[in-house]
Amino acid sequence: MYFLEFAGEDDRFAAHEAASAAADVERIAPGLAVATAVDPDRVRGLAYTHRASELLGRTDADLESARVLLEAAGIDREGSVAVRATDVHGATGISTGRAERELGQVLVDRGFDVDLEEPDHVLRAAFSVGVLEGDQESSDGAGTDPADVCALGWLTSESVRDFGSRAPTDKPFFQPGSMDPLLARAIANVAGARPGGTVLDPMCGTGGVLVEAGLVGADVIGTDAQAKMAAGAAENLSHFLDREDPSPVGVVRGNWHTALGDGTQLPLRDDAVDAVVFDAPYGRQSKIETHRLEDLVSGALAEARRVAERAVVVADRSWIEEATAAGWELDATFERRVHRSLTRYVLVLE
């Protein structure tokens, strides 16, 4: 068993993304979840999960309970150790420094040497209290289940936090409204991007989601109705993927291809790709003069259903009716608030 530490922005969305790297993900407290198994290499590429640790045990979110748990736990490790504690959202009021010292002393009393610089093993102690929101939130957004948890575990894998190096404005080709790389990585992971897989974006824009999918090892294909965007996406993809060295998460960078094309008429055979992702045009106008926005999105959803068995759609409104009409079943839906005048809806379709 393992426990996961989320980034803290949206635990439901984080858990859904984490399922691409872990099995049987279950949220247990704000910012925390457990899983029956994890793929350490996949965890390195997650956006909304910071760490995965092999669960030593869990108890109430107070230092005395944590100390008793650690004293009683079976430990089959050798070598030096360090303790790292976190107070999720600052909600417990626990002094993490004191927690690290007291839990570290328990380990010293059990015969371990402490090495704060280069330990052989790191014990994570995560304290969390609050309300655990259900999968279906109430109309006022309130949570449903109280939570009071301390999870102890040996650090197994950490995600690579390099997203700031790919800010939209720092890429070779930039357009206003480009998706930030953190959300783009999460969208790619939810779609199932991984080595050996192929991801298509039929409205690829600047190629942000495809860059992130390629950096976790997927081969990517992008089309766009505007020649400027198709060429710009190619510039960005070449910049980040045309390199011999492994990606920051340690995998071979994916291959890529872009083309000028209409997302409602893809030049691909049936079931040609593993997943489709697209960020639908916002507002009332489509990017293809011959299509109304509704026709464009409906057509793209139908084509996506033809070429893949999974899709993730991002938009400024819910397109559930159109997705259902195209033959998709809704796996999950999320709302991601960007700023006062923009909320992104994320539909996960199968």
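Here's what I pulled together on the structure shown here. (Residues numbered from 1 in each chain as written. Predicted model: local features only at pLDDT ≥ 70, side-chain atom pairs only at ≥ 80, totals over all residues. Heavy atoms only, no water.)

Some remarks on the sheet that holds strand 11 (residues 219-224)
By way of backbone hydrogen bonds, the strands of a sheet pair with one another, either parallel or antiparallel.
(1) Moving on: Reading across the sheet, the seven strands line up as 12-11-10-13-14-16-15 and stay open at both edges, with mixed pairing between neighbours. Strands at the two margins of the open sheet, each flanked by one partner only, are strand 12 (256-260) and strand 15 (330-339). Taken over all neighbouring pairs, the strand axes of this sheet differ in orientation by 15° on average, direction set aside.
(2) Moving on: Note: strand 11 against strand 12, five bridges, orientation parallel. Within the sheet, the bridge partner assigned to Ile221 lies in strand 12 and is His257.
(3) Moving on: Across the sheet, helix 5 (residues 181-191) is in contact with strand 13 (275-279), strand 14 (311-315), strand 15 and strand 16 (342-349); its angle to strand 14 comes to roughly 150°.
(4) Moving on: Against the sheet, helix 8 (residues 293-307) engages strand 10 (198-201), strand 13, strand 14 and strand 16, with an angle of about 160° to strand 13. (Pairing = 2+ DSSP bridges. Helix = DSSP H or I, 4+ residues; strand = E, 2+ residues; numbered from the N terminus. Axes fitted to C-alpha atoms, helices over the stretch in contact; angles between N-to-C directions. Contact = heavy atoms within 4.5 Å.)

Quick notes on the packing of helix 1 (residues 11-18) against helix 5
(1) Moving on: Viewed as axis vectors pointing N to C, helix 1 and helix 5 meet at an angle of 50°, and their least axial separation amounts to 8 Å. Comparing their axes, helix 5 and helix 1 come out oblique. The hand of the helix 1/helix 5 crossing is left-handed. Contact with helix 1, carried on its side by Phe13, His16 and Glu17, involves Leu183, Arg185, Ala186, Ile187, Asn189 and Val190 of helix 5 and no other residues of that element. (Parallel < 35°, antiparallel > 145°, perpendicular 65-115°, else oblique. Left-handed = near helix turned anticlockwise from the far one by under 90°.)

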